[in-house]
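Residue-level listing of the chains:
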Amino acid sequence: MWFTFWRSKDRFTLDELRYLTDQLMKIQVVNDVNKDFVIEALRSIAELITYGDQHDANFFEFFMEKQVMGEFVRILKINKNVIVSIQLLQTMSIMIQNLKSDHSIYYLFSNENINSLITYSFDFRNEELLSYYISFLRAISGKVNKNTISLLVKTENEDVVAFPLYVEAIRFAFHEEGMIRTAVRALTLNIYHVGDVVVNKYISSIPHADYFLNLVNFFKDHCISLNGMVSPTTESEGTESTSSIFSAVDEIEDNLYYLNDVVSAGIPDVGTLITDSMLKMLIFPLLLPSLRVEVSDEKAFGSVTSLYLLCSILRILKIKDMANTIAAALICSMEAILPNSEAKVNGFKADHDESDESHIDDEKESGNLDCSSMVVSLPSLSTSSSNHHNCWGSASVLRDALISYITSGDDMQVVGSLSVLATFLQTKELDESMLDALGILPQRKQHKKLLLKALVGEDSGEEQLFATENCTLKDGGDGELNIYLQRLKDQYEVSCSYQEVGESPRVHRYLVLDALISLFCRTNISADTLWAGGWLLRQLLPYSETEFNTRHLQSLKESFKKCCSQLVEEERGTWPDLLIQVLCDEWRKCKRAIEASSPRKEPKSILFPTKKSSSSDIIPAESSFAAGETMYERVKVFVLLHQLQVFSAGKSLPDQPPILPPADFPENSRAKSAGLNVIGPKLSTELNLVDAVSCRIAFERGKEREFSFLAISMGTSGWIILAEEFPQKPQYGTVRVVAPLAGCKPRIDERHSRWLHLRIRPSTLPLTETAKNAANLKLKSKSLVDGRWTLAFRDEASCKSAFTMILEEIDLQCNEVERRLTPLIPEEEM
């Protein structure tokens, strides 16, 4: 056979390129006999052209002269072997990626050869071939700019009529393989950010604009899938379901970031198209209806999923019209959804009669507010409009549903509602009039707005700026609020009305403020969730006691009093030795959390319960670990409410809690008698056993040992010590075993009065993220099991002496904890 793999001594020569090209031109059909040569020739040509681009222009001159690109297309057409097709695509990718010369790129993209390769009918049933094809397309897009993009399109009368690179790529935009989807998205963004006016017009025209509709629909499908994962998972959550939710969340957020990148490219009409599609296909028919408390359709979106999705959309998708439209939808009563915007996917149906009447908004506990003035007028629905289904339930403002979740929802709903309000608060695209209507316009911004009105001579601004707290002046939906309310009706065919008569701008703020105060008084909500509420309160009312009325302050005081009682219980609980350390740590964390510029948790935390009901199945409720979890929760709630007490008084929060310093050890203490230093007992430390009691214990079956027993406290620390007496030195011994004194729960056996039972808890409390993750908790469950000791003493008196020693030292330890925490727990709170 005349095909050989001969190479010259120096491979990177023009002769080598000439030889390989001549041999390729002689091939009339690619078969099993010559395929290896063709593959090697294609690979070598890519290396030679890349080398020549950087070292010798004659290489590419020859490449153009012999029209080698045309030969590549010819080889592809006479080839039936997948391996050769793969090598050709790889060859082209390598050449395109590595060529630095603009002249070389211009040539590759001209003469329609590159478009011929793009549009060739490959057999994409071969996954490897498809991967190389997508890589080939992406390599081309990496070289696209304002100068080269015109070489890849076909135009007629200055309009683009064909763009093979883009059209062929988006065919695989929704491929099941994530890597392919990622490559296609990178390719499209490369094209969008070129900014070519003619190409952008082509991309945003029919039928190519359908790609953006399909993107939103693809995103909606992922949202529906996530909802199916979250709904049955809220009560019990395993490793697999948690992992699936995390994967789904990552996919959803990736889609949103891509959509935001598309919008930021600035292609005319694309941002509007994506906004309209998101609102009409997902937000209006699926997400917002599920926020209504009374919606109970099993096919409906769960409120938790909807709250998370709203947060993610607002946080990631930076579209002003979308943010303001969603806000407008939340602050007006929506009653009539016209047929083309019905929630058909999840089957929401009307659950009340369609009648021509007016409704009064649901009553809420809102202090001095006159809720009867909040009149919402609804559009008339004629009896002939039988196709007008109402998917919103009874008349209500959706903003009030968020407030209802804060005051009466479960942990996840509270977190979700707080996250939505916090997201709105941080959405720069949102008009301040929207924040005001939602009740979350920060006081400093509201004061600034009224001051500006007063300065420019608007009467309402001056009146409200100097109005009393109970003044009820109408704010009148200023800013862009009315614009977006009208847009809801005209553009999205959502009939709504917003008529709140006789209200001051403070009314909405009081609704949110009342809800937050109510939240801090709830006992069935986790500390982490309460901290999120503390952050929102801090944003709305920075160091201002004037916004708190007497009822607010009294509610906070009563709730704080209950927390003080719980903290006193912990002073004599299982973990008093760690109580002060935990309290100081959580004080700093809480201060950072509520004074931070943004919430400390991402919106995805909405989907996972803060309290893990499954932890009780892993760790017994009576265990020291369960007591530690309770202690942590109580401390965190106490710290928050204590800081709110300071905050509500208009004072600055100190960096450290007001705790007294440690006291000196009394000279007559057992610690002094034993000769312990401030470090405490360590293994092999020598002790004076003057107060010790002799006992026996078996740590291994059949291997009973004799020890000297001591219970010792030093300040807030305490230990149970088993020492081994020196034979040559009576009354002295060395420490062999040390265990925590607190939480040992001493008990003399009912039937054997010489036996003393002790529970031995861990010396430290492994309560970080582990305690909040049931899967990891199972892995560490063995290390969290309490020890059980049974000490046998010589007689009943010795046993009672040891029992009394433990109680006395525990009492001394707890007394010191109480003393140091005295400034935190005033007597009037007890």
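This report concerns the structure included in the present document. Predicted model only: the values in this text are computed from it and were never measured.

1. Brief notes about the packing of helix α4 (residues 68-77) against helix α5 (residues 82-98)
And step 1. One can describe the packing of α4 onto α5 by two numbers: an axis separation of 10 Å at closest approach and a directional angle of 160°. One finds that α4 runs roughly antiparallel with respect to α5. In the crossing of α4 with α5, the sense of the turn from one axis to the other is left-handed. Between α4 and α5, the residues in contact are M69, F72, I75 and L76 and V84, S85, L88, T91, M92 and M95, respectively.
And step 2. Here the residues of the contact of α4 with α5 sort into 8 nonpolar, 2 polar and no charged.

2. Some remarks on helix α18 (residues 411-426)
And step 1. If you check α18, its first and last C-alpha atoms are 22 Å apart, about what 16 residues at 1.5 Å a residue would give, namely 22 Å.
And step 2. Among the 16 residues of α18, 15 are classified as buried, and the element is accordingly described as predominantly covered.
And step 3. Residue D410 occupies the N-cap position of α18, its side-chain oxygen lying 3.2 Å from the main-chain nitrogen of M412.

3. Quick look at the pairing of strand β8 (residues 693-700)
And step 1. For β8 and strand β9 (residues 703-714), the ladder comprises 7 bridges, and the chain directions are antiparallel. Counterpart to A698 in the pairing with β9 is E704.
And step 2. Hairpin connection from β8 to β9: 2 residues lie between these consecutive antiparallel strands, with G702 at a positive phi of about 80°.
And step 3. Pairing of β8 with strand β14 (residues 787-793), which is carried by 2 bridges, proceeds in the antiparallel orientation. Note that in β14 the partner of R696 across the bridge is A792.

4. A short note on the pattern of salt bridges
And step 1. Enumeration according to the criterion identifies 37 salt bridges in this entry.
And step 2. Two residues, R399 and D400, come together in a salt bridge whose shortest N-O distance is 3.5 Å.
And step 3. By relative accessible area, which is 1% here, R399 ends up buried.
And step 4. Here D400 falls in the buried class, since its relative accessible area comes to 8%.
And step 5. Residues joined in a network through salt bridges with shared partners are D528, R600, K601 and K636.

Here is what the cut-offs are and how they apply
Residues numbered from 1 in each chain as written. Predicted model: local features only at pLDDT ≥ 70, side-chain atom pairs only at ≥ 80, totals over all residues. Heavy atoms only, no water. Axes fitted to C-alpha atoms, helices over the stretch in contact; angles between N-to-C directions. Helix = DSSP H or I, 4+ residues; strand = E, 2+ residues; numbered from the N terminus. Parallel < 35°, antiparallel > 145°, perpendicular 65-115°, else oblique. Left-handed = near helix turned anticlockwise from the far one by under 90°. Contact = heavy atoms within 4.5 Å. Nonpolar A, V, L, I, M, F, W, Y, C, P; charged D, E, K, R; others polar. Expected span 1.5 Å × (residues − 1). Buried < 20%, exposed > 50% of the residue type's maximum accessible area, 1.4 Å probe, protein only. Polar contact = N/O pair within 3.5 Å; in protein donor to acceptor, adjacent residues only side chain to side chain. Pairing = 2+ DSSP bridges. Salt bridge = Lys/Arg side-chain N within 4 Å of Asp/Glu carboxyl O.

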